[in-house]
Amino acid sequence: MVYLETERLLLRKVSREDYPYFREYIMDKEMDRLMLRSPSETEEEVQKMFEWFLYKEKYAYAILQKESGDTIGNLTVYETLPSVVTEHPQTKGKEGRALSFAIGRKWQRKGYMTEVLKALIVKLFNEEKVDYINSGFLSFNEPSKCLHEKLGFGYLLQETFELDGVLYTGVETILRNHTESVMQA
């Protein structure tokens, strides 16, 4: 079942037929670096991670190119947000959703992610009536930072943490419901 449709894309629940995309995505070392995830080296590890998308995430979606039918990316909408976000003075007591997303390398820089995220943002604000949308990225992930800015996400906070003896900085951003910001202006 299609959750969302844009001019060039479909967003639908992840299914078994998406495995070839996810296998490539999960085995991509650059994506591991940009998302700070543990590498999957074996077919069993890839399958386990795919199963997480398939069964454990209620709102895990595959992004499909309409013309080819190819799965080109993935997007997850979370109803449970990090406490550091929900307890922040700008968001406390408000209803929000968090987004996580990625697109296969050969499909990057073609405007696909911008297209699907714009449509999803409208849907979340208009149909689910959320007050804000949260999304984060690692400070060195310049493409993600640029996409967040392009979509109008604003800085909320940053956290520095250590992993395997290396310090990283995560940046959390929010996009407020447009009607709310218009009313406050």
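Just so it is clear, the structure is predicted and the values come from calculations on it, not from any experiment. (Residues numbered from 1 in each chain as written. Predicted model: local features only at pLDDT ≥ 70, side-chain atom pairs only at ≥ 80, totals over all residues. Heavy atoms only, no water.)

## A few points about the pairing of strand S2 (residues 9-13)
Phase 1 of the analysis: Where strand S1 (residues 2-5) and S2 come together, three bridges link them in antiparallel fashion. Opposite Leu4, over in S2, you have Leu11 as the bridge partner.
Phase 2 of the analysis: Where S1 folds back onto S2 in an antiparallel hairpin, the turn is made up of three residues.
Phase 3 of the analysis: Note that S2 and strand S3 (residues 60-65) share five bridges and pair antiparallel. Its bridge partner lying in S3, Leu10 is registered against Leu64. (Pairing = 2+ DSSP bridges. Helix = DSSP H or I, 4+ residues; strand = E, 2+ residues; numbered from the N terminus.)

## Let's talk about the packing of helix H5 (residues 112-126) against helix H6 (residues 142-151)
Phase 1 of the analysis: The interhelical angle for the contact between H5 and H6, taken along N-to-C directions, is 45 degrees, at an axis separation of 11 Å. In terms of axis orientation, H5 runs oblique to H6. Handedness of the H5/H6 crossing: right-handed. Note on element contacts: H6 touches H5 through Leu147, Lys150 and Leu151, opposite Met113, Thr114, Leu117, Lys118 and Ile121.
Phase 2 of the analysis: Residues of the contact of H5 with H6, tallied by class, amount to five nonpolar, one polar and two charged. (Axes fitted to C-alpha atoms, helices over the stretch in contact; angles between N-to-C directions. Parallel < 35°, antiparallel > 145°, perpendicular 65-115°, else oblique. Left-handed = near helix turned anticlockwise from the far one by under 90°. Contact = heavy atoms within 4.5 Å. Nonpolar A, V, L, I, M, F, W, Y, C, P; charged D, E, K, R; others polar.)

## Focus on unusual backbone geometry
Phase 1 of the analysis: One non-glycine residue, Arg109, lies in positive phi territory at about 65 degrees.
Phase 2 of the analysis: Tracing the backbone shows Arg109 in the loop between strand S5 (96-103) and H5.
Phase 3 of the analysis: Even without glycine at this site, Asp164 takes up a positive phi of about 50 degrees.
Phase 4 of the analysis: Considering the arrangement of structural elements, one finds Asp164 in the loop between strand S7 (154-163) and strand S8 (166-176).

## Concerning the packing of helix H1 (residues 19-26) against helix H3 (residues 43-56)
Phase 1 of the analysis: Where H1 contacts H3, the two axes come as close as 10 Å, and the packing angle between them is 115 degrees. The handedness of the crossing between H1 and H3 is right-handed. Here H1 contributes Tyr19, Phe22, Arg23, Tyr25 and Ile26 to the contact with H3, which in turn contributes Glu43, Val46, Gln47, Met49, Phe50 and Phe53.
Phase 2 of the analysis: Split by residue class, the contact of H1 with H3 holds eight nonpolar, one polar and two charged.

## Description of the confidence of the model for the protein
Low-confidence regions, as indicated by low pLDDT, have predicted coordinates that should not be scrutinised in detail.
Phase 1 of the analysis: Overall, the prediction assigns the protein a mean pLDDT of 89, with 94% of residues at 70 or greater.
Phase 2 of the analysis: Segment residues 179-185: pLDDT under 50, and two contacts once partners within four positions in sequence are set aside and those in other chains are kept. (pLDDT = per-residue confidence, 0-100.)

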